[in-house]
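Below are the chains, spelled out letter by letter.
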Amino acid sequence: SMKESIPIDKGPVWKCGFSPDGTRLFACCANGELRQYDVHSRALRRSYRHGTGGGLFSFAASSFNDLVVAGANDGKLLLWDQKTGKLKRQIRQHEKTVFGCCMGRTNTKL
């Protein structure tokens, strides 16, 4: 049975999951947003936007620093700084949708 819920009013959510420390919940939305919620308060902490408006289908949050990466339907990987919310880098390595991504243990590889 369901214990808790967090209402997300931004259309379909393609993927969701927790940060490595379990304190944050991320939701990849069809509208191009990666939404970050506080697990305890259920409040929206930050919203990261894919500038072209393409949907986000995957994410990975770092356990060593404040980075989060998301995979988009236009083949891009987007890397944000969780403290500032600023997009640090876009990597276009794929022809089609990025359905999965992860970070290496030392955060030197995606």
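Here the structure is shown first, and the text comes after it.
In this report, the structure presented in the accompanying data block is examined. Everything numeric in this text was worked out from a predicted model, so none of it was measured.

Notes on the sheet that holds strand E2 (residues 24–29)
(1) Moving on: Across the sheet, four strands lie side by side as E1-E2-E3-E4; this open sheet has antiparallel pairing. In this open sheet, the two edge strands, each paired with only one partner strand, are strand E1 (13–18) and strand E4 (44–49). Averaged over all pairs of adjacent strands, the angle between their axes in this sheet comes to 15°, without regard to strand direction.
(2) Moving on: Inspection of the sheet shows strand E3 (residues 33–38) paired to E4 by five bridges, in the antiparallel sense. Looking across to E4, one finds that Gln 36 is bridged to Arg 46.

Structural notes on the pattern of salt bridges
(1) Moving on: Summed over the entire model, instances satisfying the criterion amount to five salt bridges.
(2) Moving on: With its nearest N and O atoms 3.9 Å apart, the salt bridge here joins Glu 33 to Arg 49. Here Glu 33 is found in strand E3, whereas its partner Arg 49 is found in strand E4, with 16 residues between them in sequence.
(3) Moving on: On the basis of relative accessibility, which here comes to 43%, the residue Arg 49 falls in the partly exposed class.
(4) Moving on: Between Lys 76 and Asp 74 there is a salt bridge, and its shortest N-O distance comes to 3.9 Å. The same class applies to Lys 76 and to Asp 74, which are both buried.
(5) Moving on: Taken together, the shared-partner salt bridges connect Glu 33, Arg 35 and Arg 49 into one network.

A word on the sheet that holds strand E5 (residues 56–61)
(1) Moving on: An order of E5-E6-E7-E8 is seen for the four strands of this open sheet, with the pairing classed as antiparallel. Of all strands in the sheet, those bounded by a partner on one side alone are E5 and strand E8 (87–92). In this sheet, adjacent strand axes meet at a mean angle of 20° when their direction is disregarded.
(2) Moving on: Both strand E7 (residues 76–81) and E8 contribute to a ladder of five bridges, which runs antiparallel. Pairing of Leu 77 across the sheet is with Ile 91, part of E8.

Quick word on the packing of aromatic side chains
Two aromatic rings, taken as a pair, are described by how far apart their centres are and by the angle between their planes.
(1) Moving on: The tally for this structure, following the rule as stated, stands at four aromatic pairs.
(2) Moving on: Considering the side-chain rings of Tyr 48 and Trp 80, the 5.3 Å spacing of their centres and the 40° angle between planes classify their relative orientation as tilted. With Tyr 48 in strand E4 and Trp 80 in strand E7, this pair connects stretches of sequence that are 32 residues apart. Across the pair, exposure class does not vary: Tyr 48 and Trp 80 are buried alike.
(3) Moving on: Taken together, the ring pairs in this structure connect Trp 14, Phe 57 and Phe 99 into an aromatic cluster.

Focus on the state of the cysteines
(1) Moving on: Counted according to the given criterion, the structure contains zero disulfides.
(2) Moving on: The thiol of Cys 28 is not disulfide-bonded; the next cysteine sulfur, from Cys 101, is found 7.4 Å away.
(3) Moving on: Residue classification places Cys 28 among the buried residues on the basis of a relative accessible area of 0%.
(4) Moving on: With no disulfide of its own, Cys 101 has Cys 102 as its nearest cysteine by sulfur position, at a separation of 7.3 Å.
(5) Moving on: When its relative accessible area of 18% is taken as the criterion, Cys 101 is described as buried.

What counts and what doesn't
Numbers given to residues run from 1 along each chain, matching the order in which its sequence is written. The predicted nature of this model means local features are confined to residues of pLDDT at least 70 and side-chain atom pairs, given and counted, to a pLDDT of 80 or more, with totals for whole chains, interfaces and linings taken over all residues. Only hydrogens and water are set aside; all other atoms, that is, all heavy atoms of the structure, feed into the side-chain values. Strands were regarded as paired on the criterion that DSSP finds at least two bridges between them. Labels follow the DSSP assignment, with helices taken as runs of H or I lasting at least four residues and strands as runs of E lasting at least two, numbered in each case from the N terminus. Think of each axis as a best-fit line through the C-alpha atoms, taken over the contacting stretch in the case of a helix, with angles from 0 to 180 degrees between the N-to-C directions. Salt bridge, as applied in this entry: a Lys or Arg side-chain nitrogen positioned within 4 Å of an Asp or Glu carboxyl oxygen. For every residue, the accessible area obtained with a 1.4 Å probe (protein chains only) is divided by the maximum for its type, and the residue is called buried under 20%, exposed over 50%, and partly exposed between those limits. Think of it this way: a Phe, Tyr or Trp ring, Trp meaning its six-membered ring, pairs with another when their centres are within 6.5 Å, and the plane angle makes it stacked under 30 degrees, edge-to-face over 60, tilted otherwise. Note that a disulfide, as used here, is simply two cysteine sulfur atoms within 2.5 Å.

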